[in-house]
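# Topology and contacts: notes
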There are 2 protein chains.
Amino acid sequence: MFKVSRKSEYALMAIQHMARLAPDAVVSVADLAAQEDIPADLLAKVLQGLKRAGLLIASKGAGGGYRLARPAGEIRFLEVVRPFEEQIAVVSCHSPVTDCQRTDACSLRDPMSVLNAYLMRQFEQMTMELFVSPHTWLTTGPRTTTPAEATSLGRRA
Amino acid sequence: MFKVSRKSEYALMAIQHMARLAPDAVVSVADLAAQEDIPADLLAKVLQGLKRAGLLIASKGAGGGYRLARPAGEIRFLEVVRPFEEQIAVVSCHSPVTDCQRTDACSLRDPMSVLNAYLMRQFEQMTMELFVSPHTWLTTGPRTTTPAEATSLGRRA
DNA sequence: TCATATCGGACTCAACCGGTCCGTTACTAG
DNA sequence: CTAGTAACGGACCGGTTGAGTCCGATATGA
Ligand code: FES
Ligand code: FES
């Protein structure tokens, strides 16, 4: 359960890597693949995906490559991963692509939605800054939500 | 990402179902399968797994079946699901069964372990009581940990 | 002793996923 | 202007995994 796909892992690595470079540095697939030891063809797909998601900006031709569309602190974990995970839900009930009939009658739906919503919130709060400088992130914390709200699992709806 | 296997779903349904019966009621695979509309042979496997995990008690022979080993409030979500998910980790780094080399050099390991530990804690706090009477659970909340501790993501280690 | 249930191994089939290959398009350095 | 470079993206492939089935073995109560 909840292991991300390998593409997602590569995506995380890529963004982490780029975030450590100079703000608008451009890096090619080939370079990145070599340095992070990732199969180049596959990494290409991943970066294309990230570009389509608006996280990266591509420039073709000689001397081209990819660069971050915005600073790491403004990129959320969920955004990085979403292009490569069609199923982002704990249980079949949620998520558009459901093979499982029973959807309405399902007795798991309601209780699970509590958990689901909660996890989502966490993943949205977590920015890629955590991957660049864990320490500052840990002391700074997520920005969008107050810590108090984070207790809401097990309290109100 | 993080969708549980179908077996886990069945496991959750089964325990939820049994928790709604009289405390020590015994139910057979066949009955349960019929009532919850689950392929019987498969459900059998699932219940065997839950028994091996110590969550259910089986009695063979005529009039036999399964019953809960302890009340729902003392069964944690993670326990129910674990027998059917060998990979309980967000990223390859963690989890014993890792195909991914790079384990030590991996730049994802540390930041992810923060998230990982946090999720684990959540899943451990959540009892199956949530599936039986969501309302009371929501107002009562998890018992093992104080709400204050729940804020720990994004704060200390 | 027979009907009933759990037990658990073996097996099938389909979907998915990581990975590869290759031709096309676009841009830029020279 | 041209040659080289790099992103783009579709097609394909093999291995693994997961859902589901079948069936014989074992235990047990009526
Ligand atoms: S598990 Fe199938 S709809 Fe809830
Ligand atoms: S992703 Fe392979 S070890 Fe971290």
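Before any of the text, the structure's been laid out above.
Notes on the structure follow. (Residues numbered from 1 in each chain as written. Chains lettered and ligands numbered in written order. Predicted model: local features only at pLDDT ≥ 70, side-chain atom pairs only at ≥ 80, totals over all residues. Heavy atoms only, no water.)

### Observations regarding the pairing of strand β1 (residues 56-59) of chain A
Residue and element names in this part refer to chain A. In this sheet, strand β2 (residues 65-68) lies alongside β1 in antiparallel orientation, the contact comprising four bridges. Its bridge partner lying in β2, Leu56 is registered against Leu68. Adjacent in sequence and paired antiparallel, β1 and β2 are bridged by five residues, among which Gly61 carries a positive phi angle near 75°. (Pairing = 2+ DSSP bridges. Helix = DSSP H or I, 4+ residues; strand = E, 2+ residues; numbered from the N terminus.)

### Observations concerning the packing of aromatic side chains
The geometry of an aromatic ring pair is captured by two quantities: the separation of the ring centres and the angle between the planes. All told, the structure shown has seven aromatic pairs over all chains when counted by the stated rule. Ring centres of Phe77(A) and Phe123(A) lie 5.3 Å apart, and the angle between their planes is 35°; on these two criteria the pair is classed as tilted. Of the two residues, Phe77(A) is situated in helix α4 (residues 77-81) and Phe123(A) in helix α5 (residues 109-125); the sequence distance between them amounts to 46 residues. Across the pair, Phe123(A) and Phe77(A) agree in class, each one buried. Ring plane angle 10° and centroid distance 6.4 Å describe the contact between Phe77(B) and Phe131(B), whose orientation is recorded as stacked. Taken together, the residues span a long stretch of sequence, with Phe77(B) in helix α4 (residues 77-81) and Phe131(B) in helix α6 (residues 129-132) at a distance of 54 residues. Like Phe131(B), Phe77(B) is buried. Of the aromatic side chains, those joined through ring pairs into one cluster are Phe2(A), Phe77(A), Phe123(A), Phe131(A), Phe2(B), Phe77(B), Phe123(B) and Phe131(B). (Phe/Tyr/Trp six-rings, centres within 6.5 Å; stacked < 30°, edge-to-face > 60°. Buried < 20%, exposed > 50% of the residue type's maximum accessible area, 1.4 Å probe, protein only.)

### Looking at the environment of Val132(A)
Residues and elements named next belong to chain A. Along the chain, Val132 falls in helix α6 (residues 129-132). Remark: the alpha-carbon pair of Val132 and Asp41, spanning 91 residues in sequence, is separated by 25 Å. Residue contacts for Val132: discarding those within four places in its chain leaves Ala19, Arg20 and Ala72. (Contact = heavy atoms within 4.5 Å.)

### A short note on unusual backbone geometry
All names here are of chain A. In this model, Asp37 sits at a positive phi of 60°, which is unusual for a non-glycine residue. Relative to the assigned elements, Asp37 resides in the loop between α2 (29-36) and α3 (40-52). On the basis of relative accessible area, Asp37 is assigned to the exposed category, the value being 60%.

### A closer look at helix α3 (residues 40-52) of chain B
Residues and elements named next belong to chain B. Compared with the 18 Å implied by 1.5 Å per residue over 13 residues, the 18 Å span of α3 between its first and last C-alpha is a close match. Buried within α3 are the following residues: Leu43, Ala44, Val46, Leu47, Gly49 and Leu50. Elements in contact with the buried residues of α3: α1 (6-20), α2 (29-36), β1 (56-59), β2 (65-68) and α4. Once α3 finishes, Gly54 follows within two positions and takes phi at roughly 85°, a positive value. (Expected span 1.5 Å × (residues − 1).)

### Observations concerning the protein's contact with DNA strand D
The environment of DNA strand D is formed by 24 residues, the closest being Val29(A), Lys45(A), Lys51(A), Tyr66(A) and Arg6(B). For DNA strand D, the backbone makes up 67% of the atoms found within 4 Å of the protein, where backbone means sugar plus phosphate. Backbone polar atom of Arg6(B) to a phosphate oxygen of DNA strand D: 2.5 Å apart, as the coordinates give it. Elements with a minimum of two residues in the surface near DNA strand D: α3, β1 and β2 of chain A together with α1 and α3 of chain B. Among the elements that take part in the surface near DNA strand D, α3(A) stands out by supplying four residues, more than any other. Residues that form the surface near DNA strand D fall into these classes: eight nonpolar, eight polar and eight charged. (Near = heavy atom within 4 Å. Polar contact = N/O pair within 3.5 Å; in protein donor to acceptor, adjacent residues only side chain to side chain. Nonpolar A, V, L, I, M, F, W, Y, C, P; charged D, E, K, R; others polar.)

Such coordinate-based values are descriptive only and should not be taken to indicate function.
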